[in-house]
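An overview of the molecular structure
The residues making up each chain are set out below.
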Amino acid sequence: MAGGLAALLDDVAAIARLAAASTDDIAAASVKASSKAMGVVIDDAAVTPQYVKGLQPKRELPIIWRITKGSFRNKLIFILPVLLLLSIFAPWALTPILMLGGLYLSFEGAEKIWELVSGKPKKAPAAAKGADAEDKIVSSAVRTDLILSAEIMVISMNSIEADSLWARAAVLVVVAIGITVLVYGAVGILVKMDDVGLAMAADKDSEFKQKFGTGLVHAMPKVMTVISYVGMVAMLWVGGHILLVGTHDLGLDQPYGFVHHLEGLVAGVAGVGGVLAWLINTFFSFVLGLIVGGIVAVIMHFLPFGHRGDDEHGDDEGKHAAASADDTPGTDAAVGSSTDSGNPTPPMPQR
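Residues numbered from 1 in each chain as written. Predicted model: local features only at pLDDT ≥ 70, side-chain atom pairs only at ≥ 80, totals over all residues. Heavy atoms only, no water.

It is worth spelling out the environment of V142 at this point. By the secondary structure assignment, V142 is in helix α5 (residues 133–159). Relative accessible area serves as the criterion here: at 17%, V142 is assigned to the buried category. On a C-alpha basis, the gap between V142 and S71 in space is 6.4 Å, while along the polypeptide they are 71 residues apart. Setting aside anything within four residues of it in sequence, one finds V142 in contact with I67, G70 and N74. (Helix = DSSP H or I, 4+ residues; strand = E, 2+ residues; numbered from the N terminus. Buried < 20%, exposed > 50% of the residue type's maximum accessible area, 1.4 Å probe, protein only. Contact = heavy atoms within 4.5 Å.)

Written as structure tokens, this is what we have:
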């Protein structure tokens, strides 16, 4: 009896060790998969703050939370089951799907470059366009998130080495939850930092807090601008890298072979070979993304079957939105709502 109990306990201990090892494997695979998609994650975090630009501060976090819930739905309800089914019945389709996403990212990045050069940026979602303005903002943000989330999940799927369907599913669930929390948690902190600065600047008991808060208020618009540039570069880099690797996976020797050859030339440099190889790959991925994205942008905006006419319509819509904003109370509340009580700090720069 005692021997049987000891054997049972040994079996339980073995199962526990196996479960712990599986958990460790899933955690390690999730970290690896997440790191592969980090470029898209940066882009996702850089894109999202535009959707709360111009809104009242009290509405910023609720809208970000609504977008966050939409991102969870995108990843866990829509994308995850499709990816798992494709991995079983049509694994060959993952690379073309990934390349379509890379093409979209390259187009978006090239379009942002064009807007920067031409001085005609897209209109950010307006704070006042009607009674259901927030629903439109959230809907637009969730649609953009669907594309970026699909890229994150496919990149993660391609980096998972587990053979078991359930192991792949577990890793993707961890990646989906972890990256969503990371992205939208960071976005929430970013969009509220100027409000934190205003609160610190209003503290009359501490001169240091006042100076630091004032500096924070004035620094945040610059920080958001830098983040937008990082997101733009990340779009082109990630999109170009997806296209570079995807063409190789589909059987084309170039341009991947050329870039890989250059990487090999510097990989042996003592101490910095790995960094140099990464820089070469990143540079050529960026260039490829810019070229391909630029071609798509030209097709979309300048050829007859593109949507060139949308720009004129967008300008009219922007003028209409601006006129509505002038007549709508609270539209610019984000600029100085925290200074209404005699606060000696300068007005918060509009995000």
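Back to the text.
Glancing now at the nonpolar core. Most often, soluble globular proteins have nonpolar side chains that are buried together. Ranked by internal contacts, the top residues of the largest apolar core, which has 37 residues, are I67, L83, L84, M153, M157 and L172. Elements represented by at least two residues in this core include exactly α3 (57–89), α4 (94–118), α5, α6 (165–201) and α7 (207–249). With residues up to four places along the chain from it excluded, the contact list for L172 reads L80, L84, M153, S156, M157 and I160. (Core = buried A, V, L, I, M, F, W, Y, C linked by side-chain atoms within 4.5 Å.)

A surface patch of nonpolar side chains, amounting to about 630 Å² of accessible area, comprises W114, L116, V117, Y229, V298 and F302. In terms of residue count, the dominant contributor to the nonpolar patch is α4 (three residues). With respect to the helices and strands, V298 occurs in helix α9 (residues 273–301). Overall, V298 belongs to the partly exposed group, its relative accessible area being 41%. (Patch = residues over 30% accessible without salt bridge, like charges linked within 9 Å, V, L, I, M, F, W, Y side chains within 5 Å. Areas by Shrake-Rupley, 256 points an atom, 1.4 Å probe, with all protein chains shown as cover. Salt bridge = Lys/Arg side-chain N within 4 Å of Asp/Glu carboxyl O.)

Moving on: the pattern of salt bridges. In total, this model carries six salt bridges according to the counting rule given. The residue K75 makes a salt bridge to D145 at a minimum N-O spacing of 4.0 Å. You can see K75 sitting in helix α3 and its partner D145 sitting in helix α5, a full 70 residues away along the chain. Among the salt bridges present, the one from K211 reaches E207, with a minimum N-O distance of 3.2 Å. Of this pair, K211 and E207 are both found in helix α7, four residues apart, which corresponds to roughly one turn of the helix. Here K211 matches E207 in class, with each residue exposed. Connected via shared salt-bridge partners are E60, K192 and D195.

Direction vectors running N to C along α3 and α5 enclose 40°, while the axes themselves pass 8 Å from each other. With respect to α5, the element α3 is oriented oblique. Crossing of α3 against α5: the hand is right-handed. The residue makeup of the contact of α3 with α5, split by class, is 15 nonpolar, five polar and six charged. (Axes fitted to C-alpha atoms, helices over the stretch in contact; angles between N-to-C directions. Parallel < 35°, antiparallel > 145°, perpendicular 65-115°, else oblique. Left-handed = near helix turned anticlockwise from the far one by under 90°. Nonpolar A, V, L, I, M, F, W, Y, C, P; charged D, E, K, R; others polar.)

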